[in-house]
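Residues per chain, in single letters:
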Amino acid sequence: MKAGQYFALISGIFFLLLGIMGLIPGLVEYGDATSSASEAYGMAYGYIAGFIPTNGIHAFIRISVGLLGIAASISLDSSRIYSRLVAVSYGLFAVLGLIPYTNTFFGTVPIFGSDILLHGLSAAIAFYYGFVASPGLLELSNKNPRQTTQETL
């Protein structure tokens, strides 16, 4: 496995676990059920471990991103595509989380607070593996170069 594939696998497992944690009531601290925030973000709005904002929709998005990451770790090409998608989308979410009118993703998903840091770090690391880090030709080759020259002789 290459470093980009490890990133896809590790981030996939992380987001899958974070999404599952967002669906377990014992791990989510819920606010006042009558608050306007509860109505704005839909079902199960709360904070994972007390500091990562989530709701039901956000949990399913994280589970989906996690499963995609695990599936993408199978090959280098798919892990690079996954990294690029995470870099662009999570970078956008980090910027939207900073803007007061869009930090709820138009009233559906809470992307403010510590989620900005989570999205920003994820986007930065994914940017490196998706756009900057490129494997050398020898790393891409499945065969040892010495074996191929000996086989042709």
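Residues numbered from 1 in each chain as written. Predicted model: local features only at pLDDT ≥ 70, side-chain atom pairs only at ≥ 80, totals over all residues. Heavy atoms only, no water.

Novice: Can you break down the overall build of the protein chain residue by residue, with the values?
Specialist: On a plain count of helices and strands, the protein chain comes out with seven helices and three strands. Ordered by position in the sequence, the α and β elements of the protein chain form the string α-β-α-β-β-α-α-α-α-α. Counting all 153 residues of the protein chain, 38% fall into the buried class. Long-range pairs, those at least 24 residues apart, make up 64% of the contacts in the protein chain between residues at least 6 apart in sequence. With an accessible surface of roughly 8,900 Å², the protein chain has 70% of that area assigned to carbon and sulfur atoms. (Helix = DSSP H or I, 4+ residues; strand = E, 2+ residues; numbered from the N terminus. Buried < 20%, exposed > 50% of the residue type's maximum accessible area, 1.4 Å probe, protein only. Contact = heavy atoms within 4.5 Å. Areas by Shrake-Rupley, 256 points an atom, 1.4 Å probe, with all protein chains shown as cover.)

Novice: Summarise the pattern of salt bridges; cite the residues concerned and give the values.
Specialist: Using the criterion set out here, one finds one salt bridge in the structure. Among the ionic pairs, D115 bridges to R62, the shortest N-O distance being 2.8 Å. You can see D115 sitting in helix α5 (residues 114-132) and its partner R62 sitting in helix α3 (residues 56-72), a full 53 residues away along the chain. Judged on exposure class, the residue D115 and its partner R62 are both buried. (Salt bridge = Lys/Arg side-chain N within 4 Å of Asp/Glu carboxyl O.)

Novice: Quick one: what's the story with the layout of surface pockets, residue by residue and with numbers?
Specialist: To locate leftover empty space, one rolls a probe as large as a water molecule over the atoms. Reported here for the largest pocket is a volume of approximately 220 Å³. Lining the largest pocket are 13 residues, and of these F14, L118, L121, S122 and I125 sit closest to its centre. Of all the elements in the fold, those that place two or more residues in the lining of the largest pocket are α1 (3-21) and α5. With six residues, the top contributor of residues to the lining of the largest pocket is α5. Per-class residue counts for the lining of the largest pocket are ten nonpolar, three polar and no charged. (1 Å grid on protein atoms, 1.4 Å probe; cavity = no way out; pocket = protein on both sides within 12 Å on 5 of 7 lines; lining within 4 Å. Points joined across faces, edges and corners; volume = space filled by probe spheres on them. Nonpolar A, V, L, I, M, F, W, Y, C, P; charged D, E, K, R; others polar.)

Novice: With reference to specific residues and values, describe the side chain of D115.
Specialist: Looking at D115, the relative accessible area reads 0%, which means it is buried. Here D115 is in contact with I52, P53, H58, R62 and P110, once residues within four sequence places are set aside.

Novice: So what about the packing of α1 against α3? Which residues, and what values?
Specialist: Between α1 and α3, the least distance of the axes is 7 Å, while the angle of their chain directions is 155°. The angle between α1 and α3 falls in the class roughly antiparallel. Between α1 and α3 the crossing geometry is left-handed. Facing α1, whose interface residues are A8, L9, G12, I13, F15, L16, L18, G19 and I20, α3 presents A59, R62, I63, V65, G66, L67, G69, I70 and A72. (Axes fitted to C-alpha atoms, helices over the stretch in contact; angles between N-to-C directions. Parallel < 35°, antiparallel > 145°, perpendicular 65-115°, else oblique. Left-handed = near helix turned anticlockwise from the far one by under 90°.)

Novice: Account for the packing of aromatic side chains, with residues named and values stated.
Specialist: Within a pair of aromatic rings, the relevant descriptors are the distance that separates the centres and the angle that separates the planes. With the rule as written, the count across this model stands at ten aromatic pairs. On the basis of an interplanar angle of 55° and a centroid distance of 5.9 Å, the ring pair of Y90 and F93 is categorised as tilted. On the criterion of helical spacing, the pair formed by Y90 and F93 is a turn pair, its members being three residues apart in helix α4 (residues 76-98). Residue classification places Y90 among the buried positions, given a relative accessible area of 4%. On the numbers, 5.1 Å between centres and 35° between planes, the contact of F127 with F131 is tilted. You can see F127 and its partner F131 sitting in helix α5, four residues apart, about one turn around the helix. (Phe/Tyr/Trp six-rings, centres within 6.5 Å; stacked < 30°, edge-to-face > 60°.)

Novice: Let's hear about the sheet that holds strand β3 (residues 52-54): which residues, and what values?
Specialist: Reading across the sheet, the three strands line up as β1-β2-β3 and stay open at both edges, with antiparallel pairing between neighbours. At either margin of the open sheet sits one strand with a lone partner, and together these are β1 (28-30) and β3. When the angles between neighbouring strand axes are averaged without regard to direction, this sheet yields 35°. Taken together, the three bridges between β1 and strand β2 (residues 46-48) define a ladder with antiparallel strand orientation. (Pairing = 2+ DSSP bridges.)

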